[in-house]
Amino acid sequence: VDAFPLATSPMLQHAIAAAEKASGCHLYLTATPGDQLQKQVASKQLAVTYVPLRYHGHLLPQIDLQVAWRWRTQLSKDKLPVALIRQMKAYLATRQRFLLFVPHVVDLPIIARALQLAGIQGGVTVHAADVDRAAKVQAMRDRRIPFLITTTILERGVTFPNVNVIILGGDDAVFSTAALVQIAGRVGRSADAPTGEVTCYCHTHTKRVRLARGMIARLNLQGRRLGGRK
């Protein structure tokens, strides 16, 4: 129910409701239930079953919050937070591939230029309207490029083996709580590399970021009860 375009299409949602027989029912499958579904569960209008562990039995990666005060002011001068640059250089030095999520398409070329000026090379930008999007995503899957600078277009529906995730500007309104959880879920999807790092650089610790961390923490608590491993 959280998948595009269903989540934003009243027409599709109406079609599903209209297709139900009088004796039928719906099963809602989601990694990031919205407020309405959570309220229905809390009021016992819906029964719920949790699957808190992935198939390989490891817990979900928690989001590590890092305050990057006035990073957009730095970006206007073709610079990025020192901690971010240091982290990316460390990843490249150890050949750890990663995804760098940024808030908006217009940020992509500016951030790419700032990274080049900082001596970080090899990555490419990708977004929904990019005509070469499929080729770039495949190149990342094939390990031919070390990292992608991307918008939320890659928040779900794609799997890259053994990647870490960095979110720049995670307190921007474009990153909903659901989006942040989905983005964190890009890490540790493979049984060969079931763990990894998710780092979120923010001006402030907004409610959406705190809620995303809380959702992951609750799922991991359930996962530990089932014997989940870090």
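Below you will find a few notes about this structure.

Definitions and limits used
- Residues numbered from 1 in each chain as written.
- Predicted model: local features only at pLDDT ≥ 70, side-chain atom pairs only at ≥ 80, totals over all residues.
- Heavy atoms only, no water.
- Helix = DSSP H or I, 4+ residues; strand = E, 2+ residues; numbered from the N terminus.
- Rg over C-alpha atoms; globule rule 2.2 N^0.38 Å.
- Buried < 20%, exposed > 50% of the residue type's maximum accessible area, 1.4 Å probe, protein only.
- Contact = heavy atoms within 4.5 Å.
- Axes fitted to C-alpha atoms, helices over the stretch in contact; angles between N-to-C directions.
- Parallel < 35°, antiparallel > 145°, perpendicular 65-115°, else oblique.
- Left-handed = near helix turned anticlockwise from the far one by under 90°.
- Pairing = 2+ DSSP bridges.
- Salt bridge = Lys/Arg side-chain N within 4 Å of Asp/Glu carboxyl O.
- Polar contact = N/O pair within 3.5 Å; in protein donor to acceptor, adjacent residues only side chain to side chain.
- Phe/Tyr/Trp six-rings, centres within 6.5 Å; stacked < 30°, edge-to-face > 60°.
- Arc of directions from axis to C-beta.

## Here's the deal with the overall build of the protein
And step 1. Helix and strand counts for the protein come out as 8 helices and 6 strands.
And step 2. Computed over the C-alpha atoms, the radius of gyration of the protein is 19 Å, within 12% of the 17 Å expected from 2.2 N^0.38 for a compact globule of 230 residues.
And step 3. Principal axes of the C-alpha set define a box for the protein whose edges measure 65 × 40 × 35 Å.
And step 4. Counting over 230 residues, the protein shows a buried share of 42%.
And step 5. Sequence-distant contacts, at least 24 apart, represent 75% of the contacts inside the protein between residues at least 6 apart.

## So, the environment of Tyr28
And step 1. Position of Tyr28 among the secondary structure elements: in the loop between helix H1 (10-19) and helix H2 (35-42).
And step 2. By relative accessible area, Tyr28 is classed as partly exposed at 44%.
And step 3. Tyr28 sits 148 residues away from Ser176 along the chain, and the two C-alpha atoms are 20 Å apart.
And step 4. Dropping the residues within four chain positions of it, Tyr28 is found in contact with Val1, Leu37 and Leu46.

## Concerning the packing of helix H7 (residues 177-184) against helix H8 (residues 207-225)
And step 1. Where H7 contacts H8, the axes come no closer than 8 Å and their chain directions differ by 50°. Judged by the inter-axis angle, H7 sits oblique to H8. Of the two possible hands of crossing, H7 and H8 adopt the one that is right-handed. Contacts between H7 and H8 involve Thr177, Leu180, Val181 and Ala184 from the first element and Arg208, Val209, Leu211, Ala212, Met215 and Ile216 from the second.

## Overview of the sheet that holds strand S3 (residues 124-126)
And step 1. Across the sheet, 6 strands lie side by side as S1-S6-S5-S2-S4-S3; this open sheet has parallel pairing. Each of the sheet's edge strands pairs with one partner strand only, and the pair in question is strand S1 (63-67) and S3. When the angles between neighbouring strand axes are averaged without regard to direction, this sheet yields 20°.
And step 2. As defined by bridge partners, S1 adjoins strand S6 (residues 198-202) across 5 bridges and the pair is classed as parallel. Looking at the pairing, Ile63 lines up with Val198 of S6.
And step 3. In this fold helix H6 (residues 133-141) packs onto strand S2 (97-101), S3, strand S4 (147-150) and strand S5 (163-168), with an angle of close to 130° to the strand it touches most, S3.

## Comments concerning the pattern of salt bridges
Once their charged atoms are close, side chains differing in charge can pair, the charge on each being opposite to the other.
And step 1. Across all of its chains, the model carries 5 salt bridges by this definition.
And step 2. Here Arg113 and Asp78 are joined by a salt bridge, their closest N and O atoms 3.1 Å apart. Taken together, the residues span a long stretch of sequence, with Arg113 in helix H5 (residues 107-117) and Asp78 in the loop between helix H3 (71-75) and helix H4 (82-93) at a distance of 35 residues.
And step 3. Among the ionic pairs, Asp130 bridges to Lys136, the shortest N-O distance being 2.6 Å.
And step 4. The exposure class of Asp130 is buried, given its relative accessible area of 12%.

## Observations regarding the side chain of Thr199
And step 1. Assignment of secondary structure puts Thr199 in strand S6.
And step 2. Of the residues examined, Thr199 reaches a relative accessible area of 4% and is grouped as buried.
And step 3. A distance of 2.9 Å separates polar atoms of two side chains, one belonging to Thr199 and the other to Gln87.
And step 4. Excluding residues that lie within four positions of it along the chain, Thr199 makes contacts with Asp64, Gln66, Gln87, Val165, Ile166 and Ile167.

## What to know about the packing of aromatic side chains
And step 1. In this structure the tally under the stated criterion is 2 aromatic pairs.
And step 2. Between Tyr91 and Phe98, the ring centres sit 5.5 Å apart and the planes meet at 45°, which makes this aromatic pair tilted. Phe98 carries the same exposure label as Tyr91, and that label is buried.
And step 3. Accessibility expressed as a relative area gives 0% for Phe98, which makes it buried.
And step 4. The rings of Tyr91, Phe98 and Phe147 are connected pair by pair, giving a single aromatic cluster.

## Here we look at H6
Side chains three or four residues apart in an α-helix point the same way, a direct result of the helix having 3.6 residues per turn.
And step 1. Residues of H6 that are buried include every one of Lys136, Val137, Ala139 and Met140, and no others. Seen along its axis, H6 keeps its buried residues to an arc of 155°; they face one direction.
And step 2. Where H6 is buried, its residues meet S2, S3, S4 and S5.

Nothing here speaks to function; it is geometry throughout.
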